[in-house]
Amino acid sequence: MDVLSRIADVFRRSPSPAAVTVTESREAPTAAQVRRIGYEYGIPLSNASSSAQVAATSERQQILTQLHQAYLTCIWVSSPIDLIARTVTAGGLQIVSNEDIPEGELPPDRPEMTRLKRLLRFTNPHEDMVQLLRNVATDLELFGDAYLEIVRLLGEPVAIYTLDATTMTVLSDQHGEVTGYRQDVDGVRSATFKPHEVIHISLDAPRGGLYGVSPAAKALLPVTAWLFWEATLKECGRRGDPPRLHVDLAHYQDTDVQRWREQYTVHNLGPKAVGTPVITTAGGGVQVLDPRKVTDYLDATRQLRDEIIACFGTPPAKLGIIESGNLGGGTGEQQDKTFRVNTVIPIANLILEKLNYHLLQEGFGIADFHLEFAEIDYRDSKVVEEIRDIRLRNGSYTLNRYRDEIGEPPVDGGDDAVLVDRQNLVLWADMARMSEAQVAKNAAPGVSAGVQVPGVHVQAAPQPSDGDGQDPAGNDAPVLSDPEDKPGLAKDAIQGEAPRESLAEADDRPLADQVRDQLLQNYPPAVLDWVLSASWTGPQPVPLDEVDFSHEAEWAASREPKRVKHFVKQIKRKGKTKPVVLIKTPGNPKLIIIDGHHRALAYRKRGEPIYAWVGTVTEDHGQWDQIHSSQFHRGESEREAWDDLYRQHLDEALARIAA
C-alpha cells in the first residue's frame, strides 16, 4: 500500500469528519498560500526599495493636509465628521460572547479575557478606548485611513496609540503585499513599523489600492467653492455690502481721482458707512451697476452646504438644520434610522472587524468572544412609552415587567397577562373577579337549565330590581356565585383555564436523574457519578439560615454583582429560577452549595428562601468538592474533545507513515 492510500485509510477510520473540517478551518493560511498575482493600483513601478514609494506619497500628504485645513475652516466638514464619530462610539465598547448566553450564565473570566479587559480600560496613558476610537472614526471620514500603533509585551498588546494619518505611508511590493509602515513627521523624525505593529483601517476606494477614499475628499470641490463664497460674504460684511458703482469724474486729474477714491473708502465703505450717500462735484456722475447680492451669496452657500453633507450621508436635522416642511425627507425617526444604517453602522463594523482580528484573535487568541459597540435607545421617550402601553394592553407585557423597566416595584397580581379593551378599567387586584364576571356574562345567553360552562359556575338568582327572581323579560337571571362557595374551584379555573399544574408534563423519573440532567448542561458526565448515589429531595424552598455562606468571599459570584442582579430581576419577574443544587454532609450542620452560587446570592439579596434540590451524601468530601474545575458552557468541552480525538488520530497516522 502506498503512502497516499495509507493516509486515506486512516482518515476513513476517523470518528468525526466534521471535526476534521472544523479544525482545519480554524487554521489561518500562511502568507505563501495567499500570495497574489495581480498588481495593486497606485504603487510606483520602480519599487526596489521603499524610498520610491515614500517619495510618491508627497502629493498625497499635501492633499491630506488640505483636507485637514478644510476640517478646521469649513463647519459643514467638521460637523458631520464629529457627529458620525460621536454616534459610532456613543454606547462604548463591550465584549460579547459569540453564543447566546444569558448575562447571569457567563463563565468566569479566563486569564486572557482579564488581560483584554485591562487593555480596554487602560489603552494608553493619555487616551481611553472611546476617545481613541472616536479619533479613528474622525480620521476615516476625513482622510479615508486610520492607523493605530500596538505596543506588545511578551507577544500580547498592552497599549494602543493613534498615529497621524497625514504622516503615514504604507510600504508594500508591487502586488500590494504590505511589508511595513513608515511615519515621516517633518523630514527629520521618522519611524518604521512592522505589519503586526500597526492596525490600518481604510474606507472603500473605487480602484482599490493601499489607501481609502474619504467622504471629505469627495466633497473637496463644493468645500472649496463654499470657502470662496464665505470669503466673499466676509469681505461684503467688512466693506458694509456696498453696491457696485460706475463713477464718471469727467475732467478730474489723476491726483483728484486718487483723492476721491481715498475719500470713498473712508466715508462710504465699512459697516458704519451703510446709508452714507456718494457725493461728487464738478459734474461727476454715479451709476449703480448692480444691487447688493448678499441673499444670492447665502443661497449659494446653502446649496453648497447640502452638497457637502450629502457626501457624508448625514441628514440635515442631525446637524441642527431646520428644513421647511421637510418635503421628501421623512420623519425624524426615519432619518435617524437611515443615518444609522447607511452611515454609522458601516463605519462601526469596519472598525470592529479590525479590532476583533488584531486584538482578540491575533493578540490574545480569543475566538469565542467579540467586540461590539453598545446600542443606545435613540427613540423618543413618548414613543417608547406608547409601545410599552400597547404591549401591556395586548398581553405581550405583564404589569410587573412594565414596572420593572421603569424602575417601579411590583404589585400583587401584576404577573398575570391581561387583555385590556377600550371600555373597561379594573384594578389589578380585582382582575380575577372581572374575568369571571365577563365569562359568565358572555356565556349566559347560551346556557340552558342544567348546563354548566367549563371553569365558570352559574346559578339562577332573583334580580333586586323586580324582587321575583326574574328579569324584566321574564327569564331567570344568571348570577355568578362567589368562588369561595366552591372550595374545589381554583383561581385558574375561575378565569376559565385549567389549573397550571395540569398543563405541565409531570417528570416521573427518579430525582437523582433529574438533578444529573440539570448538571449535565454545565459539567461533563465523568464528574457527576456521585449524584446517582446521593439521596435527593425537592426542588423546594430552603430557608437562608440553613445554607452555608461562610466561604462566600472565595466565590467568583461574589465578584460579579451584575450577574447576581440579573437573577434578582428574574426572581422578581418569575418567582424562582433554575433550582440551586445543595448537599448535606455529615460534618457540616448547614447545606453546601454545589451549583448556583449566583442564584443563591440573588435569593439572599431578596431575603427569600432558596429554591433548590437538596441531596444527602455519606461522606464529608468527594467528587463534589472539585466539580467547578470541570465546568463548561454550551458544549465547549464536547468540541474540545472532538479536537483532541482528531489530533490523536492524526498523530497516529503520521507515526505509522514515518514507520
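As the structure is a prediction and not an experimental result, all values here were calculated from the model.

Conventions used here
Residues numbered from 1 in each chain as written. Predicted model: local features only at pLDDT ≥ 70, side-chain atom pairs only at ≥ 80, totals over all residues. Heavy atoms only, no water. Helix = DSSP H or I, 4+ residues; strand = E, 2+ residues; numbered from the N terminus. Buried < 20%, exposed > 50% of the residue type's maximum accessible area, 1.4 Å probe, protein only. Contact = heavy atoms within 4.5 Å. Core = buried A, V, L, I, M, F, W, Y, C linked by side-chain atoms within 4.5 Å. Pairing = 2+ DSSP bridges. Axes fitted to C-alpha atoms, helices over the stretch in contact; angles between N-to-C directions. Phe/Tyr/Trp six-rings, centres within 6.5 Å; stacked < 30°, edge-to-face > 60°. Lys NZ or Arg CZ within 6 Å of the ring centre and 35° of its normal. Salt bridge = Lys/Arg side-chain N within 4 Å of Asp/Glu carboxyl O. Polar contact = N/O pair within 3.5 Å; in protein donor to acceptor, adjacent residues only side chain to side chain. Patch = residues over 30% accessible without salt bridge, like charges linked within 9 Å, V, L, I, M, F, W, Y side chains within 5 Å. Areas by Shrake-Rupley, 256 points an atom, 1.4 Å probe, with all protein chains shown as cover. Lys, Arg positive; Asp, Glu negative; His and termini not counted. Charge placed at Lys NZ, Arg CZ, Asp CG, Glu CD. Parallel < 35°, antiparallel > 145°, perpendicular 65-115°, else oblique. Left-handed = near helix turned anticlockwise from the far one by under 90°. Nonpolar A, V, L, I, M, F, W, Y, C, P; charged D, E, K, R; others polar. pLDDT = per-residue confidence, 0-100.

(A) Focus on the overall build of the protein chain. Broken down by element type, the protein chain carries 22 helices and 16 strands. Counting every position in the protein chain, which comprises 659 residues, the buried fraction comes to 34%. In the protein chain, the share of contacts with a sequence separation of at least 24, taken over all contacts with a separation of at least 6, comes to 68%.

(B) A look at the nonpolar core. Val77, Leu93, Tyr147, Ile308, Ile351 and Leu355 are the most contacted members of the largest nonpolar core, which has 68 residues in total. Counting residues per element, this core draws most heavily on helix H12 (residues 332–363), which supplies 9 residues. Ignoring sequence-local partners within four residues, the contact set of Leu93 consists of Leu120, Met129, Leu133, Leu352, Leu355, Leu371, Glu372 and Phe373. The next biggest cluster of nonpolar side chains, apart from the first, holds 21 residues, and it includes Phe567, Ile571, Ile593 and Ile610.

(C) Quick peek at the sheet that holds strand S7 (residues 198–202). If you walk across this open sheet you meet the 3 strands as S3-S2-S7, and the pairing is antiparallel. With partners counted over all chains shown, the strands left at the sheet margins are strand S3 (156–163) and S7, one partner each. On average, each strand axis in the sheet is tilted by 25° relative to the strand beside it, whichever way the strands run. Relative to S7, strand S2 (residues 145–153) is paired through 5 bridges, and the arrangement is antiparallel. Counterpart to Tyr147 in the pairing with S7 is His200. Its contacts with the sheet put helix H7 (residues 129–143) on S2, S3 and S7, and the angle it makes with S2 is roughly 145°.

(D) Geometry of the packing of aromatic side chains. According to the stated counting rule, one finds 4 aromatic pairs in the structure shown. Plain terms: the ring middles of Tyr147 and Tyr181 are 6.3 Å apart, the flat faces sit at 75° to each other, and that makes the pair edge-to-face. With Tyr147 in strand S2 and Tyr181 in strand S5 (residues 178–184), the pair connects residues that are 34 residues apart, well separated along the chain. The ring of Tyr211 carries Arg60 above its face, with NZ or CZ at 3.9 Å from the centroid.

(E) Geometry of the pattern of salt bridges. Under the counting rule described, the total for this entry stands at 19 salt bridges. When the shortest N-O distance is used, the salt bridge between Asp389 and Arg393 registers 2.9 Å. Within this pair, Asp389 and its partner Arg393 are both found in helix H13 (residues 381–393), separated by 4 residues, close to a single helical turn. Accessibility expressed as a relative area gives 28% for Asp389, which makes it partly exposed. A salt bridge links Arg563 to Glu560; its shortest N-O distance comes to 2.3 Å.

(F) Examining the sheet that holds S5 more closely. Pairing within the open sheet is antiparallel, and its 3 strands lie in the order S4-S5-S6. Taken across any chain shown, the strands that pair with only one partner, and hence form the sheet edges, are strand S4 (168–172) and strand S6 (190–193). Between one strand axis and the next, the sheet turns by 20° as a mean value, whatever way the strands run. Two elements, S4 and S5, share 5 bridges in a ladder whose sense is antiparallel. Each bridged residue has a counterpart across the sheet, and for Val170 the counterpart in S5 is Tyr181.

(G) Examining the environment of Ala310 more closely. By secondary structure assignment, the location of Ala310 is in helix H11 (residues 294–312). The class of Ala310 is exposed, set by a relative accessible area of 56%. Along the sequence, Ala310 and Pro215 sit 95 residues apart, while their C-alpha atoms lie 9.2 Å from each other.

(H) Focus on the side chain of Thr301. Here Thr301 lies in helix H11. For Thr301, a relative accessible area of 7% translates into the label buried. A distance of 2.7 Å separates the side chain of Thr301 from the backbone oxygen of Leu298, its partner in a polar contact. Apart from residues no more than four positions distant in its own chain, Thr301 is found in contact with Trp226, Trp229, Glu230 and Leu233.

(I) Layout of a positive patch on the surface. The grouping of Lys565, Lys569, Arg573, Lys574 and Lys605 at the surface amounts to a positive patch. Among the elements that line the positive patch, the one with the most residues is helix H20 (residues 561–574), at 4 residues. Along the polypeptide, Arg573 turns up in helix H20.

(J) Expanded view of helix H21 (residues 597–606). Across the 10 residues that make up H21, a large majority, 7, are buried. By the burial criterion, the buried members of H21 are His597, His598, Arg599, Ala600, Leu601, Ala602 and Tyr603. Next to the buried residues of H21 lie helix H18 (511–519), H20, strand S14 (580–584), strand S15 (592–595) and strand S16 (610–616). Gly607 lies just past H21 and shows a positive phi near 70°.

(K) Examining the packing of helix H9 (residues 220–238) against H11 more closely. One way to put it is that H9 packs onto H11 with a least axis distance of 9 Å and a crossing angle of 155°. Here H11 runs roughly antiparallel to H9, going by the angle between their axes. For the pair H9 and H11, the sense of crossing is left-handed. Two secondary-structure elements touch here, H9 through Pro222, Val223, Ala225, Trp226, Trp229, Glu230, Thr232, Leu233 and Cys236 and H11 through Val294, Tyr297, Leu298, Ala300, Thr301, Leu304, Arg305, Glu307 and Ile308. Of the residues assigned to the contact of H9 with H11, the class counts are 13 nonpolar, 2 polar and 3 charged.

(L) Molecular detail of the environment of Asp389. Along the primary structure Asp389 and Tyr402 are separated by 13 residues, whereas in three dimensions their C-alpha atoms are 8.6 Å apart. A polar side-chain atom of Asp389 sits 2.9 Å from a polar atom in the side chain of Arg393.

(M) Local environment of the confidence of the model for the protein chain. Per-residue confidence for the protein chain gives a mean pLDDT of 76; residues scoring 70 or more make up 73%. The secondary structure element of the protein chain with the lowest average pLDDT is helix H17 (residues 500–503), at 35, and the one with the highest is S7, at 94. The low-confidence segment residues 14–25 (pLDDT under 50) makes 11 contacts with residues lying over four places distant or belonging to another chain. Considering only residues more than four positions removed or in separate chains, one finds that residues 634–642, a stretch of pLDDT under 50, has 11 contacts.

(N) Region of the structure containing the environment of Gln361. Inspection of the secondary structure puts Gln361 in helix H12. Taking relative accessible area as the criterion, Gln361 reaches 48% and is therefore assigned partly exposed.

(O) The arrangement of the packing of helix H4 (residues 58–73) against H7 in detail. H7 packs onto H4 with a crossing angle of 110° between their chain directions and a minimal axis gap of 10 Å. Looking at the two axes, H4 sits roughly perpendicular to H7. For the pair H4 and H7, the sense of crossing is right-handed. Across the interface between the two elements, Arg60, Leu64, Leu67, His68 and Tyr71 from H4 touch Thr138, Leu142 and Phe143 from H7. Partitioning the contact of H4 with H7 into residue classes produces 5 nonpolar, 2 polar and 1 charged.

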